[in-house]
Structures are given as structure tokens and as C-alpha cells.
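Each chain is listed here by its residues.
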Amino acid sequence: MKRYIVANWKLYLSVAKSVQLAQQLVRFERAQKIGRDVEVILAPSMLALSAVALVLKQARSKIKIAAQDCWIADEGAFTGATSPRELRRAGASFVLIGHSERRQHGGEDDALLAKKVAAARAAGLKIIFCVGETKEERNAGRAHSIVRGQVRGVKSEIDLLAYEPRWAIGTGLPIEPHEAAQMHEVLAKEAGNDVPICYGGSVSEKNVAQFLSLPHTNGVLIGTASSTYASLTAIISNARKLSERSLV
Ligand code: PGA
């Protein structure tokens, strides 16, 4: 089974540091021969994306690029927006849409996200669609219905789903694996079994094997722990070991 390791660098790294980490990862890829059953996807900040894409291209790397967001149109009177078509041209194969930090800080709702999904697809980008409930919604027993609702309108157009409970993001407190497994089963039923599902929220080298071993789980989306060479490569190595074991 193919495993996805999505490294969401958020706004953690400068352009120079992003390039440096990409160069180190390319050397790691060559030495460790990653890439057969593990798909590594880097999501650098917008300003670093082209430079990171160039590093990967020059090294003929199999590592892919995701943009962290995109706008609903390729061109026009949209001050401050990022064109999906130009992201594709700059070297992105994927785009994250609906990350909780965009929903929360950017006020992005389901209607806007559906437009972004459509524009990104039209530009030839693959969609990593992020969903997740708040702590209050979970405590009220509404987590499954909230997350199903977030997926419903876009499910036929997405390539990868990332379940990220909001309260588990950046806190060092991941969800209990059995609760993630329950949600992934709900999502697999809603979206169809062939859409790969990633877990995100305080994934680290210590817990990654646990999450990757869950049913209906094809990968992880990592923020904090993806922004340093040591922890990201430890996570990739763990994923590779699991893939090798599941081939035996
Ligand atoms: P985290 O972030 O790994 O720092 O919790 C995950 C994410 O927001 O994608």
C-alpha cells in the first residue's frame, strides 16, 4: 500500500531554509531510496515554492510539491491572490485546500472551498482536502456529522483527504488512534473507499507508526515535525519500514 507523507511547512521556514531542507531531503532520498511505496509531498510557503521545486527538478527527485492554498481563479482583479494555473507551472502537483488555519484565520467557508477545489482541478492540480472538527463539536458528539458535511460537497473532486481534528494541530496532543480510526471509517464511507485518507495533528516520529497502522489510513499530514530534517526523515524512515513489512 502506498503511504503519503505530506510535510506542511506552513510559515515556519524562510525561503533560504526551505531550499536548504529540500537539498538535504534530496540527498536523503538518494541515499535511502525512498519513493517506491512512500510518496513524500512537500508544502513550502508560497514564496519558497518555486525555489524548492527547482531543487527537486534539478535532482530529478520523486518528491512532489503541494501549494498550501490557492485562489478560485487563474487571473483577474484579485489582489493578493495566488493563481492555481501558475502554481502548476511553478512545479506544484498538489494543493492543500480547507486547512483549518485557512478556515479559522481566513474565514474560508464550504462554498469558497468548493470554488477553490474546482479552480485547482481545472488547472491540473491534485487536491488534498483538509477537514476536522473543533473540541466543542467533538465533546457535543457532532464530530462525525461535521466532518461528513465538510466532505459532502467536494468528495467527487478530491484526490486525498486529510482528517485533522483542530484541537490536535500544533498542540503536541494528537487524537487517540482509535478515534482517528473511527473517523477514517466514516470518511471512507462518505468519500468512497478509493480516496486515500491521511491523519494530521501532532504527528511525530514517535506516533507515526501507530497512525499509519490504522485501517482506512494511507498517510499523515505533518506540520511542526516536518520542518526539521531530523524529525521529517525519521518519520519517512518509519513509513518506509512499515511499507516494507506490509509487502512481506
Ligand atoms: P502539526 O500540524 O503537525 O504541527 O500538528 C499539522 C497541520 O496543521 O497540518
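See the structure above.
These lines cover the structure that appears in this document, whether it is placed above or below. (Residues numbered from 1 in each chain as written. Predicted model: local features only at pLDDT ≥ 70, side-chain atom pairs only at ≥ 80, totals over all residues. Heavy atoms only, no water.)

Attention shifts here to the overall build of the chain. When helices and strands are counted, the chain shows ten helices and eight strands. Scaling as 2.2 N^0.38, a compact globule of 248 residues should have a C-alpha radius of gyration of about 18 Å, and the chain matches this with 17 Å. With respect to the principal axes defined by its C-alpha atoms, the chain has extents near 55 × 50 × 30 Å. Counting only residues that meet the buried cut, the chain has 53% of its 248 residues in that class. A sequence separation of at least 24 residues applies to 74% of the contacts in the chain between residues at least 6 apart. Surface accessibility of the chain: about 11,500 Å² in total, with carbon and sulfur atoms responsible for 50%. Taken together, the 33 basic and 24 acidic charged side chains of the chain have centroids lying 7 Å from each other. (Helix = DSSP H or I, 4+ residues; strand = E, 2+ residues; numbered from the N terminus. Rg over C-alpha atoms; globule rule 2.2 N^0.38 Å. Buried < 20%, exposed > 50% of the residue type's maximum accessible area, 1.4 Å probe, protein only. Contact = heavy atoms within 4.5 Å. Areas by Shrake-Rupley, 256 points an atom, 1.4 Å probe, with all protein chains shown as cover. Lys, Arg positive; Asp, Glu negative; His and termini not counted. Charge placed at Lys NZ, Arg CZ, Asp CG, Glu CD.)

Inspection of the region around the ligand gives 13 residues, with His99, Glu164, Gly170, Ser202 and Thr224 positioned closest. Here an oxygen atom of the ligand sits 3.5 Å away from a polar atom, N or O, in the side chain of Asn8. Thr224 has a polar side-chain atom sitting 2.4 Å from an oxygen atom of the ligand. Considered on its own, the ligand offers 280 Å² of accessible surface; in the complex 99% of this is hidden by protein. Among the cavities detected, the one that contains the ligand is the second largest pocket. Partitioned by chemical class, the residues of the shell around the ligand number four nonpolar, seven polar and two charged. (Near = heavy atom within 4 Å. Polar contact = N/O pair within 3.5 Å; in protein donor to acceptor, adjacent residues only side chain to side chain. 1 Å grid on protein atoms, 1.4 Å probe; cavity = no way out; pocket = protein on both sides within 12 Å on 5 of 7 lines; lining within 4 Å. Sits in = over half its atoms within 2 Å of the grid points. Nonpolar A, V, L, I, M, F, W, Y, C, P; charged D, E, K, R; others polar.)

Turning our eyes to something else, we now look at the layout of surface pockets. A volume near 570 Å³ is recorded for the largest pocket. Contributing to the lining of the largest pocket are 26 residues, with Met46, Gln68, Asp69, Glu101 and Arg102 lying nearest its centre. Here the lining of the largest pocket is built from residues that sort into eight nonpolar, eleven polar and seven charged. Considered as a void within the structure, the second largest pocket measures approximately 180 Å³ in volume. Per-class residue counts for the lining of the second largest pocket are six nonpolar, eleven polar and two charged. (Points joined across faces, edges and corners; volume = space filled by probe spheres on them.)

Here we take up the nonpolar core. Counting 67 residues, the largest nonpolar core has Phe129 and Leu161 as the members making the most contacts within it. Non-local contacts of Leu161, meaning those with residues more than four positions away in its chain, are made with Phe129, Val131, Val151, Leu187, Ala191, Val195, Pro196, Ile197 and Cys198. Core analysis: the next-biggest nonpolar cluster, separate from the first, contains 13 residues, Ile41, Cys130, Ala162 and Leu221 among them. (Core = buried A, V, L, I, M, F, W, Y, C linked by side-chain atoms within 4.5 Å.)

This next bit is on the side chain of Thr217. By secondary structure assignment, the location of Thr217 is in the loop between helix 9 (208–212) and strand 8 (219–222). A distance of 2.9 Å separates the side chain of Thr217 from the backbone oxygen of Pro215, its partner in a polar contact.

Before going further, it helps to examine the environment of Leu56. Summarising the element assignment, Leu56 is placed in helix 2 (residues 46–58). The exposure class of Leu56 is buried, given its relative accessible area of 5%.

Quick look at empty space enclosed by the protein now. Summed over all chains, the structure comprises one cavity of 30 Å³ or more. Of the volumes computed, that of the largest cavity is approximately 30 Å³. Every element with two or more residues in the lining of the largest cavity is listed here: helix 4 (100–105) and strand 5 (126–131).

Between helix 7 (residues 143–152) and helix 8 (residues 177–191), the least distance of the axes is 10 Å, while the angle of their chain directions is 35°. Judged by the sense of rotation from one axis to the other, the crossing of helix 7 with helix 8 is right-handed. Within the contact between the two elements, helix 7 uses Ala143, His144, Val147, Arg148, Val151 and Arg152 and helix 8 uses Gln182, Met183, Val186, Leu187, Glu190 and Ala191. When the residues that make up the contact of helix 7 with helix 8 are grouped by side-chain class, the tally is seven nonpolar, two polar and three charged. (Axes fitted to C-alpha atoms, helices over the stretch in contact; angles between N-to-C directions. Left-handed = near helix turned anticlockwise from the far one by under 90°.)

Axis separation between helix 1 (residues 15–32) and helix 2 bottoms out at 9 Å; the angle between their running directions is 25°. In terms of orientation, helix 1 and helix 2 fall into the roughly parallel class. Of the two elements, helix 1 crosses helix 2, and the hand of that crossing is right-handed. For the pair helix 1 and helix 2, the contacting residues are Val15, Ser18, Val19, Ala22, Gln23 and Val26 in the first and Leu47, Ala48, Ala51, Val52, Val55 and Leu56 in the second. For the contact of helix 1 with helix 2, the residue count by class is ten nonpolar, two polar and no charged. (Parallel < 35°, antiparallel > 145°, perpendicular 65-115°, else oblique.)

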